[in-house]
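Structural description and commentary
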Amino acid sequence: MPWITRGLRDGIVTTRYPRRADGYADDFRSAVTVTGQPGPADRAGLQRLCPTGAITVERGLEVDRGRCILCGRCVAARPEVFAYEAGAETARLHRRLLVTPPGPDAVALAATVRHQLAERTRRFGRSLHLRHVDAGSDGSEEWEIAALTGPIYDIHRLGIFFTPSPRHADVLLVTGAGTAGMIEPLRLTHEAMPDPKVVVAVGTDAISGGLVHPTYATRGGVADILPVDVWVPGSPPSPFSILHGLLLAMGRLRAPQEVGRA
Amino acid sequence: MTSERVDALPTIEADRDELAVATAAVCGGGRRFAGLFNAPREDGRTRLEAVVHGRDGYSSVVATLPVGDRSYPSLSRLVPAAAWYERELHDRYGLRPVGHPRLDPLVLPRRDDGLPPLAFGHRHEPVVPDTTALDAHASGEGMFTIPYGPVRSGVFETVEYLVETFGEDIPRLRSRLHHKHRGVDVRFEDLSPEDGVLLAERVEGTASVAHAWTYSRAIEELTATEVPLEAEHLRVAHAELERVVNHLESMIRHTEGSYQAVANARLAVHKERVMRLRSALCGNRFGRNVVIPGGVQGPPRVAPAEAAAQIASIGGAFAADAKALMVTPSFLDRLRGTGVLAVDLVADHGALGPVGRASGAAEDIRSEEPYGTYRALGFAPGSCRTEGDALARQRVRVDEVQESFRLATAALEAVAAIDRPSWWRPVERVPDGRALAAVEAPQGELLYLVEARDGRLTRVRPRCAAFHNFALFPRAFGGDILTDFVFIEASFGLSIAGVAG
């Protein structure tokens, strides 16, 4: 019976997040942020640094984390303008809240969408059942989602479970840019879920199509197929970021980090 | 500046009607069929190229189709491994292999107008999805079908299977990939050679390092760039850690399916620890943004000695767990004799990676095509087995994980021993021409065929091991029952992103 003692060997390995801070989550480079505002003459060049068009200059210099694939080109080329931001709490409840620095209305918008979602999902209580559908991912998002049920993240302790049937599902996790072949299966899965339901777009591909869009077979994200409620950026997002998105959907965070540090 | 067109791939020109015979003849001489690619030419004609690998490296047999004619005699009757490649080219480019045994749609739905999206080498309208179910092929009293996918319960990549059965046995399995097909290789054509590596990392996201490395090798060959030794060592370290997590993933699925709860949890912890080590080394859990054409992005972010100590700790824990697991009868019983791939079938098909090595096909690109620093690090090819079942594939992976841990440690130590390291050399403007590069990815040989003109990528064709191996997947079900499915699938280590393209 070697497995009994073997199973006790390392003690408890599970994170205490969200009750306690987690060092790995807090140190993880999950986003790019803007730290300086160069003059207008400089801006066109900055835009060209980004292979996915996440950097825009029309309303001042902005980075759209929904497009960013974290390649780090901008940080390497212009460290006085762009920087990595540590911390895995990158999920947001509105597409516009993924843009950094946040606009003047971001705080109000965040409060509104949080309130609306809370109204709708009050019946979830403290238990959440998930369903995952891959709509054209590169396969890495699946690993990060699957890690959530492992011993380190162990989302079961939070009352979150994967369900084998859409009839029991509260949350639909969608990965991938939205391939032509998955539009219909995605719609059918969503339809088969009872109300209230929440859609989480997991990863930059699911949010904007990332680098794999456009082709004859991919869309620029899944938002024009399904009503997305929670946006988890990253290519792929780390398990902590995905967990952050789930906790946002449940209204389980005491001080929701939804606007992002400026 | 004009220069000679670079083309390092030895090529035999063949007549269109002779392509099949010529390829079969080349394969008969101890070479392995490695893929069929096409390249539209400027004059509207199509070049069709069969790549083979033998002791003398890679070479190809090429035929050019006349203008306006997209048909050619099928290779599949003489070279069965070409069957899926021909289906893919038919789906996407409308190339018609005359005499193909079964030209069913594979990566794209059948279109009524018969016009595939890439028929003339240009992007056409978006694909119209096919929502009808796969039709059954087998028939008989009591025969019925079980559709499995595209949406499956649990966290899986999208793929559609159709199991045809009398109840328990699986006499026939069909699959379809078009739900997941992204046409991702087409996106390379819009990118600069520097940006191409970012897309390569996303062709098969679970093997990002292998893809970035293969793509970069092709660019380095085109530009005759010499990569610094320390960069090559660091590439080896990242590639081997990537192999470890991919093999662990297969074992995690095995232990999950056989209800080995403790082993499953332990392996999941080992995998997460390696993922965290990778993110400590480079900031990314999948080793992205490490390999670039010309070298690596920069130095490791933790001291090599510290990383080596962590590898020793994880490796020791894994070795002890693997030893216990490989004598646990309730685990072995589920894998032994399950999903057998016959040795002669595998030899004929040229199966790659651990799938091949569990059925007598010993080839490993790390020793066949010395690249990186494997030779200097004393790479010892893992055990090759002949049982061909899921257990043999698991054993091959257990051995490879331990060798990969050793290689990663040795590579990191070698990096630490180099004074004043330089991490990359600038890459010259990419000349006109093409190059083929290969590495041993976690699931087997990964190929990149890269063509460039005027300093831009004109065509990049990745060929994942999973695509080549997947054709054998339905052949592994002889005598197995429905509850064996999970082990056969996990032991193949399929990446659907890599298969569907």
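Being a predicted model, the structure only gives us computed values, none of them experimental.

1. Digging into the overall build of chain B
What chain B contains, in helices and strands, is 15 helices and 15 strands. In terms of C-alpha radius of gyration, chain B reaches 22 Å, essentially the compact-globule figure of 23 Å for 501 residues. With the C-alpha coordinates of chain B rotated into their principal frame, the extents come out at 70 × 60 × 40 Å. Split into buried and exposed, the 501 residues of chain B put 62% on the buried side. Restricting to contacts in chain B with at least 6 residues of sequence separation, those with at least 24 account for 69%. Just so you have it, chain B exposes about 18,000 Å², and 51% of that area is on carbon and sulfur atoms. If you average the places of the 58 positive and of the 68 negative side-chain charges in chain B, the two averages end up 2 Å apart.

2. Section: the overall build of chain A
Looking only at helices and strands, chain A features 9 helices and 10 strands. Taking 2.2 N^0.38 as the reference for a compact globule, 262 residues should give roughly 18 Å; the C-alpha atoms of chain A span a radius of gyration of 19 Å, in line with that estimate. Taken over the C-alpha atoms alone, chain A extends approximately 70 × 45 × 35 Å along its principal axes. For chain A, with 262 residues in total, the buried portion stands at 61%. Considering only contacts in chain A between residues 6 or more positions apart, those separated by 24 or more positions represent 78%. Accessible surface for chain A amounts to roughly 10,500 Å². Of this, 53% is attributable to carbon and sulfur atoms.

3. Quick look at unusual backbone geometry
Looking along the chain, the bond that leaves A:Asp195 and enters A:Pro196 is cis, with omega of -5°. For A:Pro196, the position within the fold is in the loop between helix H7 (183-192) and strand S9 (198-202). Between B:Gly149 and the following residue, B:Pro150, the backbone shows a cis peptide bond with an omega angle of 10°. Along the chain, B:Pro150 falls in the loop between strand S8 (144-148) and strand S9 (160-165). One non-glycine residue, B:Asn289, lies in the positive phi region at around 65°. Mapped onto the elements, B:Asn289 comes out in the loop between helix H6 (261-282) and strand S11 (291-292). Judged by relative accessible area, which is 14%, B:Asn289 ranks as buried. Phi at B:Asp454 is positive, roughly 55°, even though this residue is not glycine. With respect to the helices, strands and loops of the structure, B:Asp454 is situated in the loop between strand S14 (444-453) and strand S15 (456-463).

4. With respect to the interface of chain B and chain A
Counting residues at the interface gives 66 residues for chain B and 54 residues for chain A. Summed over the shared surface of chain B and chain A, the number is 6 salt bridges. At the junction of chain B with chain A, the criterion picks out 27 residue pairs in polar contact (both at pLDDT 80 or more). Counting only elements with at least two residues in the side of chain B that touches chain A, the list comes to helix H3 (193-200), helix H5 (229-257), H6 and helix H7 (304-325) of chain B. A per-element tally of the side of chain B that touches chain A places H6(B) first, with 12 residues. Taken together, the residues that form the side of chain B that touches chain A break down as 28 nonpolar, 17 polar and 21 charged.

5. Topic: the side chain of B:Thr23
Residue and element names in this part refer to chain B. By the element assignment, Thr23 lies in helix H1 (residues 19-28). Given the relative accessible area of 0%, Thr23 is considered buried. Within the structure, the side chain of Thr23 is placed 2.7 Å from the backbone oxygen of Leu19, a separation counted as a polar contact. Other than its neighbours up to four places away in sequence, Thr23 contacts Phe33, Ala50, Val61, Leu75 and Val79.

6. Quick notes on H5(B)
Residues and elements named next belong to chain B. Here H5 is 29 residues long and its end C-alpha atoms lie 43 Å apart, about the 42 Å a rise of 1.5 Å per residue gives. Counting buried positions along H5 gives 26 out of 29 residues, so the element sits mostly inside the fold. Positioned one or two residues after H5, Tyr259 has a phi angle of 55°, which is positive.

7. Some thoughts on the packing of H5(B) against helix H14 (residues 485-492) of chain B
Residue and element names in this part refer to chain B. Across the interface, H5 lies against H14 with an axial gap of 8 Å and an inter-helix angle of 170°. Overall, the two elements H5 and H14 adopt an arrangement that is roughly antiparallel. Where H5 approaches H14, its residues Ser250, Arg253, His254 and Gly257 are matched on the opposing element by Val486, Phe487, Ala490 and Ser491. Residues of the contact of H5 with H14, tallied by class, amount to 3 nonpolar, 4 polar and 1 charged.

8. Brief notes about the packing of aromatic side chains
Residue and element names in this part refer to chain B. Counted by the stated rule, this structure contains 26 aromatic pairs over all chains. Between the aromatic rings of Tyr161 and Phe485, the centroid separation amounts to 5.2 Å while the plane-to-plane angle is 70°, which identifies the pairing as edge-to-face. Of this pair, Tyr161 sits in strand S9 while Phe485 is found in helix H14, placing the two residues 324 residues apart along the sequence. Residues Tyr161 and Phe485 agree in their burial class; the two are buried. Taken together, Phe33, Trp84, Tyr85, Tyr148, Tyr161, Phe467, Phe470, Phe473, Phe477, Phe485 and Phe492 form an aromatic cluster joined through their ring pairs. Against the face of Phe156 rests Arg152, its NZ or CZ located 4.3 Å from the ring centre. Residue placement shows Arg366 over the ring face of Tyr374; its charged tip is 5.9 Å from the ring centre.

9. Concerning the pattern of salt bridges
Pairing is possible between side chains of opposite charge, provided their charged atoms come close. Residue and element names in this part refer to chain B. Across all of its chains, the model carries 54 salt bridges over all chains by this definition. Glu249 is paired through a salt bridge with Lys271; the nearest N and O atoms lie 2.7 Å apart. On the criterion of sequence distance, the pair formed by Glu249 in helix H5 and Lys271 in helix H6 is long-range, its members being 22 residues apart. Across the pair, exposure class does not vary: Glu249 and Lys271 are buried alike. Each of the salt bridges in this network shares a partner with another, and the network as a whole consists of Glu240, Arg243, Arg357, Asp364, Arg366, Glu400 and Glu440.

10. Details of the sheet that holds strand S3 (residues 62-64) of chain A
Residue and element names in this part refer to chain A. If you walk across this open sheet you meet the 3 strands as S2-S3-S5, and the pairing is antiparallel. Each edge of the open sheet is held by one strand with a lone partner, namely strand S2 (55-56) and strand S5 (99-100). Here S2 pairs with S3 via 2 bridges, running antiparallel. Across the sheet, Thr56 pairs through a bridge with Glu62, a residue of S3.

What counts and how
- Residues numbered from 1 in each chain as written.
- Chains lettered and ligands numbered in written order.
- Predicted model: local features only at pLDDT ≥ 70, side-chain atom pairs only at ≥ 80, totals over all residues.
- Heavy atoms only, no water.
- Helix = DSSP H or I, 4+ residues; strand = E, 2+ residues; numbered from the N terminus.
- Rg over C-alpha atoms; globule rule 2.2 N^0.38 Å.
- Buried < 20%, exposed > 50% of the residue type's maximum accessible area, 1.4 Å probe, protein only.
- Contact = heavy atoms within 4.5 Å.
- Areas by Shrake-Rupley, 256 points an atom, 1.4 Å probe, with all protein chains shown as cover.
- Lys, Arg positive; Asp, Glu negative; His and termini not counted.
- Charge placed at Lys NZ, Arg CZ, Asp CG, Glu CD.
- Salt bridge = Lys/Arg side-chain N within 4 Å of Asp/Glu carboxyl O.
- Polar contact = N/O pair within 3.5 Å; in protein donor to acceptor, adjacent residues only side chain to side chain.
- Nonpolar A, V, L, I, M, F, W, Y, C, P; charged D, E, K, R; others polar.
- Expected span 1.5 Å × (residues − 1).
- Axes fitted to C-alpha atoms, helices over the stretch in contact; angles between N-to-C directions.
- Parallel < 35°, antiparallel > 145°, perpendicular 65-115°, else oblique.
- Phe/Tyr/Trp six-rings, centres within 6.5 Å; stacked < 30°, edge-to-face > 60°.
- Lys NZ or Arg CZ within 6 Å of the ring centre and 35° of its normal.
- Pairing = 2+ DSSP bridges.

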